[in-house]
Amino acid sequence: MKQKIKALRGMPDILPEEARIWQQAEDTARAIFCQYGYEEIRTPIIEETALFKRSIGEETDIVQKQMYSFKDRGDRDIALRPEGTASIVRAYLEHNLGKILPVSKFYYIGPMFRNERPQAGRLRQFHQVGAEAIGSFSPYLDAEVISLMMKILKACGLDSTELKINTLGCAKDKKAFEQALKKALAGRLNCLCEDCVKRYERNILRVFDCKNESCRQILRAAPKIIDHLCPGCRNNFSQIKTMLASAGIKYIITPSLVRGLDYYTGAVFEVSHRNLGSQDAVAAGGRYDNLIEDMGGGMTPACGFAIGTDRLLIAAKDNIKAKKAGIDLFLIGLGDEAQKRVFSILTDLRNKGISCQMGLDEKSLKSQMRLADRVEAKRVLIIGDEELKKGRVVLRDMENKSQKEIRLEDVSNTHLW
Ligand code: HAM
């Protein structure tokens, strides 16, 4: 036998039984997006590498360590998308989508790629259900985006989530805070871990992601962004908090929440769940008021979120039940003539919207009945060559195990099914 080829590490298959649950979750999300006025957008999985470098940031872990980027046969630098926001912004600018409505609201569902070390809840091909709302500074939009995210999580069966929120202030506040932090940590560099020393030089806010207890202790005494906000940003953040409270959404203010992508300014948030262990973020997002300008557009505020579907389904697994697969009818033909007739009935009923299947290679009635059971057929129609001549067939109800004869000509009556 030839050697079998396996799927790549961290890029699992989603098999039919599981895919049913995925469909349910995605359908739930779609219905809620529709209710909030968000429209689907589908962008390519591969983009120019420069798009992600410029938006997510050259110095971020995603760009430095995790992006699948390579040269294609035309010597172009391209990358598998590590997230959705950059592509949505590119499409928004490329197609002038801002001309249609004052606030453009998009959602997307699809795979993303990051070359991280695979572990439970951390994959190399993972999936996001995300939303981006582009065109308003209003804190109502932040509140809407957060409430939309929380609503989808809940509707998909996720209880007991923890929503952490913070603000990075406007670009000016963020810069001022980075400088204050640099100044405060300058004398403590010899006490920080090697990684934090690098972060200090290249992307100082990332020090807040350090898991090292000694670094964390130093950071507990470090300046907080909340104390470096301009009056406008302070007022904005307090309005968002008020609106979340009025929508009944509980949150925890988390000054160390800075997010791993450079494009954020203003409110940022992350949702975690205790079922997820060390990879506990199930969804995250925030404002990115400067990104569209940085990508070549005019000054256009925006905010959004992405839910990690793989993690959502791990965390909610005890609360989600896949709908039964099942079919309306299984047709059994015993004999060549009967089998031909079964095929034409099958075609007719399928055209009328009835879900049905027929046995193919199974010869005996017993093996066909076993198959009907396995595909969870509600009813079985048994047609033998003899019955065919008499114009009568046997209809068996698989739930109550009763059986009766019906006229062949009645089979195509959909009210029967
Ligand atoms: P992110 O925090 O990088 O944000 O990813 C969002 C979510 O995707 C995470 O909370 C997590 O659930 C899931 N995720 C990320 N990496 C992995 C992985 N390797 N394996 C499994 N799940 C993963 C963004 O991507 C931003 N684009 C969100 C956003 C939209 N901000 C504004 N708009």
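Keep in mind it's a predicted model, so treat the numbers as computed, not measured. (Residues numbered from 1 in each chain as written. Predicted model: local features only at pLDDT ≥ 70, side-chain atom pairs only at ≥ 80, totals over all residues. Heavy atoms only, no water.)

Draft legend 1. Geometry of the overall build of the chain. In terms of regular secondary structure, the chain is built from 14 helices and 16 strands. Against the globule reference of 22 Å for 417 residues, the chain gives a C-alpha radius of gyration of 28 Å, more extended than a compact globule. With respect to the three principal axes, the spread of C-alpha positions in the chain is 95 × 55 × 45 Å. For the chain, with 417 residues in total, the buried portion stands at 49%. For the chain, the proportion of contacts with a sequence separation of at least 24, taken over those separated by at least 6, is 69%. Surface exposure of the chain reaches about 22200 Å², of which carbon and sulfur atoms provide 50%. (Helix = DSSP H or I, 4+ residues; strand = E, 2+ residues; numbered from the N terminus. Rg over C-alpha atoms; globule rule 2.2 N^0.38 Å. Buried < 20%, exposed > 50% of the residue type's maximum accessible area, 1.4 Å probe, protein only. Contact = heavy atoms within 4.5 Å. Areas by Shrake-Rupley, 256 points an atom, 1.4 Å probe, with all protein chains shown as cover.)

Draft legend 2. The arrangement of the environment of Asp77 in detail. Among the structural elements, Asp77 can be located in strand S4 (residues 77-80). Given a relative accessible area of 45%, Asp77 falls into the partly exposed group. Separated by 27 residues in the primary sequence, Asp77 and Ala50 place their C-alpha atoms 7.8 Å from one another. Setting aside anything within four residues of it in sequence, one finds Asp77 in contact with Glu47, Glu48, Thr49, Phe70 and Lys71.

Draft legend 3. Structural context of the pairing of strand S5 (residues 104-113). The buried fraction of S5 is high, at nine of ten residues. Relative to strand S6 (residues 125-134), S5 is paired through ten bridges, and the arrangement is antiparallel. The residue of S6 that forms the bridge with Tyr108 is Gly130. (Pairing = 2+ DSSP bridges.)

Draft legend 4. Representation of helix H1 (residues 16-36) in the model. For H1, which comprises 21 residues, the first-to-last C-alpha distance of 30 Å matches the rise-based estimate of 30 Å (1.5 Å per residue) to within 8%. Where H1 is buried, its residues touch S5, S6, helix H5 (139-155), strand S11 (302-308) and helix H11 (309-315). One or two positions beyond H1, positive phi appears at Gly37, with a value near 80 degrees. (Expected span 1.5 Å × (residues − 1).)

Draft legend 5. Layout of the sheet that holds S4. Spatially, S2-S4-S3 is the arrangement adopted by the three strands of the open sheet, whose pairing is antiparallel. Only two strands of the sheet have a single partner each, and these edge strands are strand S2 (46-48) and strand S3 (69-71). Taking each pair of neighbouring strands and ignoring which way they run, the sheet shows an average axis angle of 35 degrees. Pairing of S3 with S4, which is carried by three bridges, proceeds in the antiparallel orientation. Across the sheet, residue Lys71 finds its bridge partner in S4, namely Asp77. Where helix H2 (residues 49-56) meets the sheet, its contacts fall on S2, S3 and S4, and the angle it forms with S2 comes to roughly 75 degrees. (Axes fitted to C-alpha atoms, helices over the stretch in contact; angles between N-to-C directions.)

Draft legend 6. Molecular detail of the site of the ligand. As a matter of local geometry, the ligand sits amid 27 residues, with Glu83, Arg114, Glu116, Glu132 and Tyr264 nearest to it. The side chain of Glu132 places a nitrogen or oxygen atom 2.8 Å from a nitrogen atom of the ligand. For the ligand, a nitrogen atom lies 3.0 Å from a polar atom in the side chain of Tyr263. Protein contacts shield 96% of the accessible area of the ligand, which totals 660 Å² for the unbound molecule. At the level of secondary structure, the elements contributing two or more residues to the shell around the ligand comprise S6, strand S10 (281-287) and S11. (Near = heavy atom within 4 Å. Polar contact = N/O pair within 3.5 Å; in protein donor to acceptor, adjacent residues only side chain to side chain.)

Draft legend 7. Highlighting the pattern of salt bridges. The final tally for this structure, using the stated rule, is 21 salt bridges. Residue Arg220 is joined to Glu213 by a salt bridge in which the shortest nitrogen-to-oxygen separation is 3.0 Å. Exposure remark for Arg220: the relative accessible area of 52% places this residue in the exposed category. We classify Glu213 as partly exposed; its relative accessible area is 42%. Residues Lys352 and Asp348 are paired through a salt bridge, measuring 3.1 Å at the closest nitrogen-oxygen approach. Since its relative accessible area comes to 40%, Lys352 is described here as partly exposed. Salt bridges linked by common partners bring Arg30, Glu40 and Arg42 together as one network. (Salt bridge = Lys/Arg side-chain N within 4 Å of Asp/Glu carboxyl O.)

Draft legend 8. Summary view of the nonpolar core. Core analysis: the biggest nonpolar cluster contains 52 residues, and Leu181, Leu185 and Phe208 have the highest contact counts within it. With five residues, the top contributor of residues to this core is helix H4 (residues 85-94). Each residue touching Phe208, except ones within four places of it in the same chain, is listed here: Phe177, Leu181, Leu219, Pro223, Ser256 and Val258. Trp22, Phe33, Tyr107 and Val271 belong to the second largest nonpolar core, which has 42 residues in total. (Core = buried A, V, L, I, M, F, W, Y, C linked by side-chain atoms within 4.5 Å.)

Draft legend 9. Main features of a nonpolar patch on the surface. A surface patch of nonpolar side chains, amounting to about 230 Å² of accessible area, comprises Ile45, Ile46 and Phe70. Mapped onto the secondary structure, Ile46 falls in strand S2. By relative accessible area, Ile46 is classed as partly exposed at 39%. (Patch = residues over 30% accessible without salt bridge, like charges linked within 9 Å, V, L, I, M, F, W, Y side chains within 5 Å.)

Draft legend 10. Spotlight on the pairing of strand S16 (residues 403-407). The pairing of strand S15 (residues 392-397) with S16 spans five bridges and is antiparallel. From the neighbouring strand, Arg392 faces S16, where its bridge partner is Arg407. What sits between S15 and S16 in their antiparallel hairpin is a turn of five residues, with Lys401 showing a positive phi close to 60 degrees.

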